[in-house]
Amino acid sequence: MQHKTLLARPLARRGRRTLGAAAAALALAALAACSAPAASSSGGDSGEIILGRSMDVSTLDPERSLCDSCQIYNAAVYDTLLAATTADGDLQPLLAQTWEANDDNTEFTFHLDPAAVFSDGSPVEAKDVKWSFERLANLKGDPSYFMAGVKTVAAPDAATVVVTTQAPNSAFFNVVTAGYTGIINSDVAIENGATADKDAAKTDKAEQWFLKNSAGAGQYVLTSYEEGSQLVLSENENYWGDDKPNFKKVVIKDVPDASTQLQQLQQGDIDVAMQLSFDTLDQVEGDESLTSEVVPTYNYVYLGISPGAADAPKALDDQRVREALRKAIDYDTVIDATVAGKGSKQASAIPNGFEGSDGLEVPDYDPEGAKALLAEAGVSNLKLEATYPTFTIYGVNFSTMFQSIQQSMKKAGIELTLNPLDYTAWGTKFGAGELPLTAVYFAPDHPDAVQYFQYFSLAKDASWLGYSGMTENTKETKGVAKALTQTGDARTATYSELGQDMIDDAIILPVVNPQVILASGSNVSGNNYHVTRNIDLRQLKFTD
């Protein structure tokens, strides 16, 4: 691969936007109605941008994290070997200046950019890449599957990394664009309790250190994190790339409620609102102090079924019952209720537009078909409990979604009890395998569709094989291995077959692939949806 020079971006030194008359009036009204201060305590500084979103952070250790907010944080703080472009996911150099694979895609060589340094000014070396990849694998955490199949990581010299895989892996270059594969300053991390040893899952003691510190080579460094409040990043003054940070400070403010995000955006307390619901679209578009755009995404919300969960109804063991649940969802009504029709149905766990998704049949609401399948399985009066987090993601309010699903399932003879929990309580139960039926969300981690089989299928080592409590589907295991030996049309065909296999499993039931509202103050340009980062901070800047 040839090196591509990244575009240099001027460092923004602009202040926050001035409130328009309507927004100012709304702010005054809010102050009159509420004794608490409405403005952000950190707003108003030159070079500071504030993003509002519902934060789903549980850790800031990049090799333990797996969440949408983590994608933004990891990309900002921990540069990866390669990066994916916003528009089409094409590969760009980042820490690796050039890269190549052998003919059968089992050996991948990366040549590091000699200019690359960590935030403390020390050089990014091959030993750091080797250590980071080995720790990611050996922690055996949620994102460890990115290293699945890696046999060895070698550092023949300070500037060269050679990764060898157990079997061909045509997706590996895409995998190393995922923020979870960001490179950590190994010397600093080891000093603070981290280890990449085989027993790292038990002996690594650095997770708490990562909540207050960072050790990456990205544009920003961690300043502070307060759960339920905000995540604050500061400019990495030693940033090595041509693409210098656009802000002195980036604040990601935890604003769980979409209506509050809009209110704070209109008041000027935040500069970007990331999770507005579509019932606010008219207000956003009618406010001259804001800019907005509705764009398609690769994100989606799905129901996850775990027949092996504690207290799961025995009926969920029967594929016909799980298929009946798919038929009992009135997708069009759910999409209207949650995102005002600004979304699409999705056939399988492969999102619309990703390789392998074309030609798979999207589901239709068929309550009579659901009843027939339940009768065929000998199941009557099916009662289920849906336990889910109470928040809005991608504009989809989970409570609204489940209330709609509850009504449509009732027409199929299925009684659904709703059990909303706060995110932390839900996450604890989900991680403990206690939820027979839940709702989750997914945004791409890298541009290759193999991630969906490695996460959602019943193939060996797939994440949802464990969550579901099902037994391995060896056909899918072989299919994933086969796909990674292929390229072009042959791989697309195998991906499509795997997509159909996941449909037949009826473990993952995609509900909506929503569009998203990109909303910001009118003095912000470059607001974007990024295929692997949710939002690319490198593109944001103030215009005045």
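Let me begin by describing the structure that accompanies this report.

1. Focus: the packing of helix H10 (residues 319–327) against helix H12 (residues 367–376)
Okay, step 1: Packing of H10 against H12 leaves a shortest axis separation of 8 Å and a crossing angle of 170 degrees. The orientation of H10 with respect to H12, classified from their angle, is roughly antiparallel. Two packed elements cross with a definite hand, and for H10 against H12 that hand is left-handed. Listed contacts from H12 to Arg320, Val321, Glu323, Ala324 and Lys327 of H10 are Pro367, Gly369, Ala370, Leu373, Leu374 and Glu376.
Okay, step 2: Along the lines of polarity and charge, the residues of the contact of H10 with H12 split into 6 nonpolar, 1 polar and 4 charged.

2. Here we look at the nonpolar core
Okay, step 1: Ranked by internal contacts, the top residues of the largest apolar core, which has 108 residues, are Leu81, Phe110, Phe133 and Phe456.
Okay, step 2: Once you skip the residues sitting within four places of it in the chain, Phe456 turns out to touch Tyr300, Tyr302, Ala349, Phe442, Trp464, Met502 and Ile508.
Okay, step 3: Core analysis: the second largest hydrophobic core is formed by 56 residues, Leu281, Leu290, Ala370 and Ala386 among them.

3. Side note on helix H11 (residues 331–339)
Okay, step 1: All buried positions along H11 are accounted for by Tyr331, Val334, Ile335, Thr338 and Val339. With its buried residues spanning 100 degrees around the axis, H11 presents them on a single face.
Okay, step 2: Along its buried surface, H11 packs onto H10, strand S14 (343–344), strand S17 (396–397), helix H13 (398–410) and strand S20 (508–514).
Okay, step 3: One or two positions beyond H11, positive phi appears at Ala340, with a value near 50 degrees.

4. Description of empty space enclosed by the protein
Okay, step 1: Within the structure shown, the criterion is met by 4 cavities of 30 Å³ or more.
Okay, step 2: Roughly 160 Å³ of internal volume is contained in the largest cavity.
Okay, step 3: Elements with a minimum of two residues in the lining of the largest cavity: strand S11 (272–273) and strand S21 (516–521).
Okay, step 4: At 3 residues, S21 tops the list of elements feeding residues into the lining of the largest cavity.
Okay, step 5: Class assignment of the residues belonging to the lining of the largest cavity gives a composition of 10 nonpolar, 5 polar and 1 charged.
Okay, step 6: Roughly 80 Å³ of volume is contained in the second largest cavity.
Okay, step 7: Forming the walls of the second largest cavity are 13 residues, and the residues nearest its centre are Ala75, Thr177, Ala178, Gly179 and Arg533.
Okay, step 8: Looking at the lining of the second largest cavity residue by residue, the classes come out as 5 nonpolar, 6 polar and 2 charged.

5. Notes on unusual backbone geometry
Okay, step 1: For Asn105, which is not a glycine, the phi torsion comes out positive at approximately 55 degrees.
Okay, step 2: Here Asn105 is to be found in the loop between strand S4 (96–101) and strand S5 (107–112).
Okay, step 3: The backbone of Ala506 shows a phi angle near 55 degrees, a positive value even though the residue is not glycine.
Okay, step 4: Tracing the chain through its elements places Ala506 in the loop between helix H18 (488–505) and S20.
Okay, step 5: Residue classification places Ala506 among the buried positions, given a relative accessible area of 0%.

6. Points about the pattern of salt bridges
Okay, step 1: In total, this model carries 25 salt bridges according to the counting rule given.
Okay, step 2: The residue Glu434 makes a salt bridge to Lys429 at a minimum N-O spacing of 3.4 Å.
Okay, step 3: Among the residues examined, Lys429 registers a relative accessible area of 34% and is labelled partly exposed.
Okay, step 4: Each of Asp61, Glu63, Arg64, Arg135, Asp204 and Glu207 takes part in salt bridges that share partners, so that together they form one network.

7. Digging into helix H14 (residues 423–431)
The periodicity of an α-helix, 3.6 residues per turn, causes residues three or four places apart in sequence to face the same way.
Okay, step 1: By the N-cap criterion, in which a side-chain oxygen at the helix start approaches the backbone nitrogen of a residue two or three places on, H14 is capped by Asp422, the distance to Thr424 being 3.1 Å.
Okay, step 2: Two residues or fewer after H14 comes Gly433, characterised by a positive phi angle close to 70 degrees.

8. Quick look at the packing of aromatic side chains
Okay, step 1: For the structure on display, the rule yields 35 aromatic pairs.
Okay, step 2: Aromatic pair Phe391 and Phe398: ring centres 5.4 Å apart, planes at 90 degrees, arrangement edge-to-face. Accessibility classification places Phe391 together with Phe398 in one group, the buried group.

9. Looking at the state of the cysteines
Okay, step 1: Here the structure, examined in full by the defined rule, presents 1 disulfide.
Okay, step 2: One disulfide bridge connects Cys67 with Cys70, the sulfur atoms lying 2.0 Å from each other. Its S-S torsion of about 90 degrees marks the bond between Cys67 and Cys70 as right-handed, since a negative value means left-handed.

About the cut-offs
Residues numbered from 1 in each chain as written. Predicted model: local features only at pLDDT ≥ 70, side-chain atom pairs only at ≥ 80, totals over all residues. Heavy atoms only, no water. Axes fitted to C-alpha atoms, helices over the stretch in contact; angles between N-to-C directions. Helix = DSSP H or I, 4+ residues; strand = E, 2+ residues; numbered from the N terminus. Parallel < 35°, antiparallel > 145°, perpendicular 65-115°, else oblique. Left-handed = near helix turned anticlockwise from the far one by under 90°. Contact = heavy atoms within 4.5 Å. Nonpolar A, V, L, I, M, F, W, Y, C, P; charged D, E, K, R; others polar. Core = buried A, V, L, I, M, F, W, Y, C linked by side-chain atoms within 4.5 Å. Buried < 20%, exposed > 50% of the residue type's maximum accessible area, 1.4 Å probe, protein only. Arc of directions from axis to C-beta. 1 Å grid on protein atoms, 1.4 Å probe; cavity = no way out; pocket = protein on both sides within 12 Å on 5 of 7 lines; lining within 4 Å. Points joined across faces, edges and corners; volume = space filled by probe spheres on them. Salt bridge = Lys/Arg side-chain N within 4 Å of Asp/Glu carboxyl O. Polar contact = N/O pair within 3.5 Å; in protein donor to acceptor, adjacent residues only side chain to side chain. Phe/Tyr/Trp six-rings, centres within 6.5 Å; stacked < 30°, edge-to-face > 60°. Disulfide = S-S within 2.5 Å.

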